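# Coordinate inspection notes
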Amino acid sequence: MSSKLILLLVAVFTPTALSVTCTYSLSGTNYVCYLIEQVVNSENDFGVIDGIHVGNLGNQNVTGVISSNSTIRVFPSLLIDAFINLNSVTITNSMMTSFVSSITNCEHLDSISVDRSDLVNIPQRVFERCTRLRNLSLMNSKIATVHVEAFIGLSSLQRLDLQRNEIGSLNESIFRSLTNLTVINLSNNELNKMERLPSLFATNVNLQYGWLDHNNLTNLGNDLFLNCINLVGISFIGNRLTALENGLFSTLADLNEFELGHNQIQNLPIFTGVGKLARLDVTNNEIKEIKAANFEDLTSLISLTLSYNLIEKIENGSFIGMSYLRELSLANNKLAVLERDTFIGLDRLDILDLSNNQLSYLNTDSFSEQPVVRRFILNDNQIWGIQSNILEKFAQLQRMDLLRNECMDSVVTIYRYQGESFASPSLDVCINSGIGNRTNFVLIIIALSFSFLKWF
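As a starting point, this report considers the structure included with it. (Residues numbered from 1 in each chain as written. Predicted model: local features only at pLDDT ≥ 70, side-chain atom pairs only at ≥ 80, totals over all residues. Heavy atoms only, no water.)

## Quick notes on the state of the cysteines
Under the defined criterion, the tally for this structure stands at 3 disulfides. Linked covalently through their sulfurs, Cys106 and Cys130 form a disulfide whose S-S length is 2.2 Å. Judged by the sign of its S-S torsion, about -100°, the bond between Cys106 and Cys130 is left-handed. Here Cys130 lies in the loop between strand 7 (121-122) and strand 8 (135-139) and Cys106 lies in the loop between strand 5 (88-92) and strand 6 (111-115), a separation of 24 residues in the sequence. Residue class for Cys106 comes out buried when judged on its relative accessible area of 0%. Classification of Cys130 by relative accessible area gives buried; the value is 0%. Taken in N- to C-terminal order, the disulfide-linked cysteines of the chain are connected 1-2, 3-4, 5-6. (Disulfide = S-S within 2.5 Å. Helix = DSSP H or I, 4+ residues; strand = E, 2+ residues; numbered from the N terminus. Buried < 20%, exposed > 50% of the residue type's maximum accessible area, 1.4 Å probe, protein only.)

## Examining the side chain of Asn215
With respect to the helices and strands, Asn215 occurs in the loop between strand 12 (209-211) and strand 13 (233-235). Looking at Asn215, the relative accessible area reads 0%, which means it is buried. Only 3.1 Å separates the side chain of Asn215 from the backbone oxygen of Leu186, close enough to count as a polar contact. Filtering out sequence-adjacent residues up to four positions away, Asn215 remains in contact with Leu186, Ser187, Asn188, Asn189, Glu190, Leu191, Asn192, Gly238 and Asn239. (Polar contact = N/O pair within 3.5 Å; in protein donor to acceptor, adjacent residues only side chain to side chain. Contact = heavy atoms within 4.5 Å.)

## Considering the pairing of strand 8
With 4 of 5 residues buried, strand 8 is to be regarded as a mostly interior element. The pairing of strand 6 with strand 8 spans 5 bridges and is parallel. The partner of Ser111 across the bridge, within strand 8, is Asn135. Pairing of strand 8 with strand 10 (residues 159-161) involves 3 bridges; the strand directions are parallel. Residue Leu136 lies in a different strand from strand 10, and its bridge partner there is Leu160. (Pairing = 2+ DSSP bridges.)

## Observations regarding the packing of aromatic side chains
Under the definition given, this model contains 20 aromatic pairs. Aromatic pair Phe75 and Phe99: ring centres 5.3 Å apart, planes at 40°, arrangement tilted. Highlighted residues: Phe75 in the loop between strand 4 (64-68) and helix 2 (77-82) and Phe99 in the loop between strand 5 and strand 6, separated in sequence by 24 residues. You can call Phe75 buried: its relative accessible area is 1%. Given the relative accessible area of 6%, Phe99 is considered buried. Where Phe249 meets Phe271, the ring centres are 5.3 Å apart and the plane angle is 40°; that geometry is what we call tilted. Taken as a pair, Phe249 in the loop between strand 13 and strand 14 (257-259) and Phe271 in the loop between strand 14 and strand 15 (279-281) lie far apart in primary sequence, 22 residues in all. Comparing Phe249 with Phe271, the two get one shared label, buried. (Phe/Tyr/Trp six-rings, centres within 6.5 Å; stacked < 30°, edge-to-face > 60°.)

## Topic: the pattern of salt bridges
The tally for this structure, following the rule as stated, stands at 14 salt bridges. For Glu149, the salt bridge goes to Arg125, with nearest N and O atoms at 3.1 Å. Here Arg125 lies in the loop between strand 7 and strand 8 and Glu149 lies in the loop between strand 9 (145-146) and strand 10, a separation of 24 residues in the sequence. Taking relative accessible area as the criterion, Arg125 reaches 28% and is therefore assigned partly exposed. Between Asp380 and Arg404 there is a salt bridge, with its nearest N and O atoms 2.6 Å apart. Linking Asp380 in the loop between strand 22 (375-377) and strand 23 (385-386) with Arg404 in the loop between strand 24 (399-402) and strand 25 (410-417), this pair joins segments that are 24 residues apart in sequence. Among the residues examined, Asp380 registers a relative accessible area of 29% and is labelled partly exposed. Because the salt bridges share partners, they merge into one network encompassing Arg125, Glu128 and Glu149. (Salt bridge = Lys/Arg side-chain N within 4 Å of Asp/Glu carboxyl O.)

Structure below.
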């Protein structure tokens, strides 16, 4: 065989280097490489980048890489080497299974997002050189293990999103290098595999928001947020918490929002140390009683949701000091009687929701002298009577929802004209069937009973 034929066969059968192709797009100052679907099995497959740049722009102008619905199996580290001014990498719906090695030349990166991938772990020091990275999102994947040194080097990181993975446990010191972290989302994982959460965020003094929803957590301990003096909002929706330790709030002076819905809490803690709390949601738990001490320090509260519990009793004065509260929901509980002064202290309340309880009579003595309630929601009770001074006492009342009650099945609108109050439809049917008529009925029965005894 001649040498020329051999060279020809080599030229024909020698495989060419695999490459990826970019479709480039310029929008304002953002110059983005949209990766066309490629079969990429290793980092070396990113060694050659095809595609036609826009105008006189080149690799040095690329600020973003976006890959969607691709067969990429590894993180494109070599692309970061090629695009020296790259700002962000976004990969969605990929077959990515791993970070093969530590990402190099990533000092300029601001954001990495890998969503809906086949990632199963976050290895040691993979982001160590990404010292300017501020946003890291690795969600909706299969991550089960996170190395204790996975986030070493991320001193600038502000947002970390690990929601919707399969993380079962985290080392106590895993976030200690994230000194500028402000937001973390660990929702929809399997953190219940730990008997109790350690002080995971003890050194994250800049942390402002934390989500740990739907982890089937049963015990938080009292030092989870130790030293998180700037924490503004935390959420534990959809866990299996039965109680909260009072010490959990001791350092959370700036806490503004607290979500505890859909747990199994039976007794509310005393919310001390959180005087700036504005929104508290304890929906769908197993609380049976509200005690006066529970909320005594919550003087800044604006919204309180206690619906879908088992509340039968509210101690008098439980809401004293809540002069800023605008919305209170006690819907879907087991309240049958509102004691005198139950709602005293709620001087600015706009909406009071008592729907789907077991109330039979609305007594205005349960409220302050001049309550500011604009809407009563009383649907699905057993109300047969309303105290006659309802419109006079509630001078700013605009609406009463009385659907599916004994005395009425309507939504009542309140009108004010020249100092007079009018209800449409009229509340007379509930007022006239009120306590006075029932008392007279009882007196008549008693009188007849005495007459019957006298006869004999």
